[in-house]
Amino acid sequence: MCNLETEGTKFGCGHYKVTRKLRKIDCSNRYCVHSVHHPRNCPDCHCERYLGPDARETITHRTADYCVSCQYWFKDGACQRR
């Protein structure tokens, strides 16, 4: 499973959002579609399609605001149904 090194924003809720992908770290596995060792003509490909967790997350901006997903649930419109 290949990984990325990224830069991004850290929100007050604790979430991290990628703003820039710096580089890919190749896992060298022929069963990973992101690896250079994966064959181009892989028949009926059921290989690994997802990247692993970021190998390094460089925080370029911090904010006390919540991310878009958390803002709805914890700040704005989430209210109890009657």
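The structure we're discussing is the one just above.
Residues numbered from 1 in each chain as written. Predicted model: local features only at pLDDT ≥ 70, side-chain atom pairs only at ≥ 80, totals over all residues. Heavy atoms only, no water.

> Whenever I open this one, the environment of Thr58 confuses me. Can you help?
Inspection of the secondary structure assignment puts Thr58 in strand E3 (residues 56-62). Measuring from C-alpha to C-alpha, the distance between Thr58 and Thr9 comes to 8.6 Å, with 49 residues separating the pair along the chain. Setting aside chain neighbours within four positions, we find Thr58 in contact with Thr6, Glu7, Gly8 and Tyr16. (Helix = DSSP H or I, 4+ residues; strand = E, 2+ residues; numbered from the N terminus. Contact = heavy atoms within 4.5 Å.)

> It is not clear to me how the pattern of salt bridges should be interpreted in this structure. Could you clarify?
A pair can form between side chains of opposite charge whenever their charged atoms are brought close. In total, this model carries 3 salt bridges according to the counting rule given. Taking the shortest distance from any N to any O, the salt bridge between Glu5 and Arg23 comes out at 3.2 Å. Placement of Glu5 in strand E1 (residues 3-10) and of Arg23 in strand E2 (residues 16-25) is noted, with a sequence separation of 18 residues between them. For Glu5, a relative accessible area of 10% puts it in the buried group. Since its relative accessible area comes to 46%, Arg23 is described here as partly exposed. When salt bridges with common partners are traced through the structure, they connect Glu5, Arg23 and Arg56 into a single cluster. (Salt bridge = Lys/Arg side-chain N within 4 Å of Asp/Glu carboxyl O. Buried < 20%, exposed > 50% of the residue type's maximum accessible area, 1.4 Å probe, protein only.)

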